[in-house]
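One letter stands for each residue in the lines below.
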Amino acid sequence: MTDQQFSDATTIDGSRIDSAMEDIERHFNDVPQGDIRTKWTPSSYAMSWSPTPAGSAYQNHSFPFLKCLNDATTTVGVSPDSFANPFRVKGFNIPGVLPEPQSSSTPAQEMNRQYHSTVSFEFNRPAIITHVDVMLLVDDRAGRGTTSYANTYQYGATRTPPGFNANANSKDFNFTLQVDAPTGPEDRQLNPIEMMRHDWTLNMSQASNVVWPAVFADMTPSGFPSLGFSGVVEKIEGPFPIHRNGRVRLTMTIPPSIDNASADRPYDSSWGAQPWATQQFNVTMHVLEELV
Amino acid sequence: MAKVTRTKLARGTKLTPDHTHSLLTDAAAQMNAATVDVQQLQAPNSSFRINWYFPNLSTDFPFGNHTLGGLARNQKFCIPFTLPPTQDYFDADAGGENLVRDQPSLVLEEVSFSFDQRGEGAAIVGHHNANGTVNVDAGKLDFEEIRAYDMDISLVEKDQLFFNSSQSDYTPSKVVFNAPIASLSFAGNDLRFNPFTVTEINASISPFKTYAFVLSAPSLDVDSTLAPAKTRPHSIVSAHISLKVRSVLLPRDVYAASSPIQNMPSKDTNLLVRSPTAIGQTVAITAPAAGSNIVADSTADGVTRNIEHITSEFRHRLSGGVDKFCETTARQMLKNDAGYEVVAIPLLNNRAMGGVCSAYAGSEPWGATSAVWDRSVVPLNYPMVIHSVIIAWNWQRFFTTATPAPATPVALRVPGAASGAGNTFVAEFGLGIGEGIQSDSFNYQQIASHTMTEPWVSATGLPAATWDSRIIDRINCNGPDGNGANRASAGVNDPQNWEWELHQMDIINAAAPYLGSGYYTNGRPFFAGKSWAPTQGRNNVSTGALSAVAGREQFLEARVKITYGGGAFPNNDEVISGYQGHWIYVIGKKYLTR
């Protein structure tokens, strides 16, 4: 608080004492942010939606999920000479799926293309992302109530990716938090990865290993049609510090749209032909920001 | 508590303890009592964010030059909110508001808007064709018509209906912020302004006004009148809007039997401030005895020694607040250690038709139950005390989409206007805390709820009293007619088709002492936060018993249920839920943390 230090047997004068007291007075009456241990406050980013269930007559788009590969086949009109980011997200590989063409004569097949949903945030002051909670909610596992969302997060019985048995638990959903590189903000290859959930068994993150009981203390409006909820709850705890002017991109990647009857399919999947529609999505990000 | 002051030591003055130890004693007294005030902080404000996420905003909303079904063209999409004071500062009734002298001010600092372009300087093709069919190119990149993203964002303000029940104009009266956005901002190869962020706005926000974020995107749709003609519909995918608002730090809520905080942890005498005095660890300044010499550091009353007592506290840094496990900070010196907080929770967004149209309500999730349901789950990672819960009910009209073109091309009218049975239209909202994530115990505890019935009475074109029992405001950003559900009524002078309504959702409140403050009857503030064993012990909620989750809450859950007569929804063009759904605003206090 002050540079002045007084010791016995050394010289001293009133100016130094007054200077010391002035330093302390000023500091105490104008406490710097850095002198507060608990200088952060949390904010919640709640993002959720219940898509139109798979198989509905009106299931008519995959939004907010968009194809993972940027090339001429996913472009209307004239394509540019080259794409800035053919792959715009790092680390979304899943077993059995090869999104890019394997040779110039073999175009990538539609059922090899995953879907990304990316939401972006900008922080003009340093911030800390403390939690990223992703919940893929399906209806009651016991089959009670009315079912709109069903996904067992398993591969099929007859065709599985290399290394997996029939009906094995799948590893086909990723999410990641990446920050634009200050020196090349639109070159996604340069993006630092702050967090990645990749190559993981979804069913190891069940919402609960216990089926919701038939009777529990409910809230109103009571009697949600699916009774309880099941599915996948993956809570990632940071901290992930974000630098000043950081542009953060949170991406979820779902598996390709797989027709389980097609001969071209890379594998059988419980996500089915409309992978964006087989569960509710609940995504919450918690961020700490400094006092201002 | 005022700032500390020193006695100045002029040249030639005799040195006394007043010059050296008084300042230190005053500083120590403030630290010991935990009364270091916000006036003494360089950064006295906390910030909070109102975050809205939309999986898509597309041309099934009448953004552009699109006439199918008779909806007006070039309509603006809007989302309203209000930021009422926390209950300790809430002093208002229908006659007007009383702003108290120390009412915390709210200042809009920053607006941010972002969406997904697949990492390219391109637009994303939308799914809704002008004739109502589905576009087969939906989701593809379009490098030719990036002008789809010529947009304009703004924040507008209006007075609230609650304070003037005869208000007949629901249009905003003031623009707080506006930013036109040229699509070139999103076209670059090396730099795109996505997120598009405007900082240092510094616009004052009133606690008893309604605000709305407004988005205009007139070029999103096909438009043959443009030169060259715009040929494809486009979509704003994964749209995220964030308003950053700052507010001066607030005193934290204190539990008392006469003014309880529902579900408050009982540890540390109900999270009482652990000041150095309270925990018996005071900062002790020893002043020289009368007549004794003032020394530097050889005795306990030495100047440097006592300076060190204060300096040492600053080296360890001042503290306050409650941590993520609901533990109050171990040794608190800050007086105000809470901040204003808003958690915006979406419901009924991203439907197949943009919103819910009565003719297609049966295809909604769980639609076979003859009810439209939705829920959102928000894990609790940090505690907060909930002071108000506000519903933003959405009436925005939209085009329906299907292939082949849907029989009912537009969601147009308010429930009842076509069916004649508006009195059977019921919307129920609830907010609760729950347990059950990776757990073997499953329960909910209600925090707030509200039921609204009969949004349209034929005689007036207005809602019934049972719909408006907790009305705060109506807002119409596309005046004068509005893009809200059409409520024209024979013999009535053109009631406006307002787009949104704000309603209070009552926090549970059985009787005194659990009656709190709000626009209408409201419960006392409700604590919500995940705990560990020491902080699981809680105070009662207004039922006079412990919460049904008994201090084990893991998440907030918002729910909505809409029914229409108990059976299938009528096959007509009524708006059951407006374009991109409703919002629940959970408003209260959060704590400083680290």
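The structure displayed is predicted, hence computed values, not measured ones. (Residues numbered from 1 in each chain as written. Chains lettered and ligands numbered in written order. Predicted model: local features only at pLDDT ≥ 70, side-chain atom pairs only at ≥ 80, totals over all residues. Heavy atoms only, no water.)

1. Description of the sheet that holds strand 8 (residues 229–242) of chain A
All names here are of chain A.
At step 1: Pairing within the open sheet is antiparallel, and its 4 strands lie in the order 1-10-5-8. Sheet topology places strand 1 (40–49) and strand 8 at the edges, where each strand pairs with a single neighbour. In this sheet, adjacent strand axes meet at a mean angle of 15° when their direction is disregarded. (Pairing = 2+ DSSP bridges. Helix = DSSP H or I, 4+ residues; strand = E, 2+ residues; numbered from the N terminus. Axes fitted to C-alpha atoms, helices over the stretch in contact; angles between N-to-C directions.)

2. Quick word on the confidence of the model for chain B
At step 1: In the predicted model, chain B carries a mean pLDDT of 94, and the fraction of residues at 70 or more is 99%.
At step 2: As scored by the predictor, the complex reaches a pTM of 0.97 and an ipTM of 0.96. (pLDDT = per-residue confidence, 0-100.)

3. Things to note about the interface of chain B and chain A
Note on interface size: it is often stated as the accessible area lost on association of the parts.
At step 1: Counting residues at the interface gives 142 residues for chain B, matched by 121 residues for chain A.
At step 2: Buried surface at the junction of chain B and chain A, summed over both partners, amounts to about 11,200 Å²; 57% is from carbon and sulfur atoms.
At step 3: Contact with chain A buries area across many residues of chain B, yet Arg118(B), Trp366(B) and Arg375(B) alone supply 7% of it, more than any other trio.
At step 4: Where chain B touches chain A, the interface holds 8 salt bridges.
At step 5: The closest approach of N and O atoms between Asp218(A) and Arg559(B), which form a salt bridge, is 3.1 Å.
At step 6: Where chain B meets chain A, there are 65 residue pairs in polar contact (both at pLDDT 80 or more).
At step 7: Top contributing element to the side of chain B that touches chain A by residue count: strand 1 (residues 45–57) of chain B, with 9 residues. (Contact = heavy atoms within 4.5 Å. Buried area = accessible area lost by both parts, 1.4 Å probe. Salt bridge = Lys/Arg side-chain N within 4 Å of Asp/Glu carboxyl O. Polar contact = N/O pair within 3.5 Å; in protein donor to acceptor, adjacent residues only side chain to side chain.)

4. Structural notes on the sheet that holds strand 9 (residues 174–181) of chain B
Residue and element names in this part refer to chain B.
At step 1: Read across the open sheet, the 4 strands follow the order 2-12-8-9; overall the sheet is antiparallel. Strands at the two margins of the open sheet, each flanked by one partner only, are strand 2 (77–82) and strand 9. When the angles between neighbouring strand axes are averaged without regard to direction, this sheet yields 15°.
At step 2: Taken together, the 7 bridges between strand 8 (residues 151–158) and strand 12 (residues 210–216) define a ladder with antiparallel strand orientation. Each residue of the ladder has a partner; that of Ser154, found in strand 12, is Val214.

5. As for unusual backbone geometry
At step 1: In this structure, the amide linkage connecting Thr220(A) to the following residue, Pro221(A), adopts the cis form with an omega of -5°.
At step 2: When you line up the elements, Pro221(A) lands in the loop between strand 7 (193–197) and strand 8.
At step 3: In this model, Gly479(B) is joined to Pro480(B) through a cis peptide bond whose omega is 5°.
At step 4: With respect to the element layout, Pro480(B) can be found in the loop between strand 22 (471–475) and strand 23 (500–507).
At step 5: You will see that Glu200(B), though not glycine, has its phi angle at about 50°, which is positive.
At step 6: By the secondary structure assignment, Glu200(B) is in the loop between strand 10 (196–198) and strand 11 (203–205).
At step 7: Although it is not a glycine, Cys326(B) sits at a positive phi angle of roughly 70°.
At step 8: In this fold, Cys326(B) is placed in the loop between helix 3 (303–316) and strand 14 (338–347).

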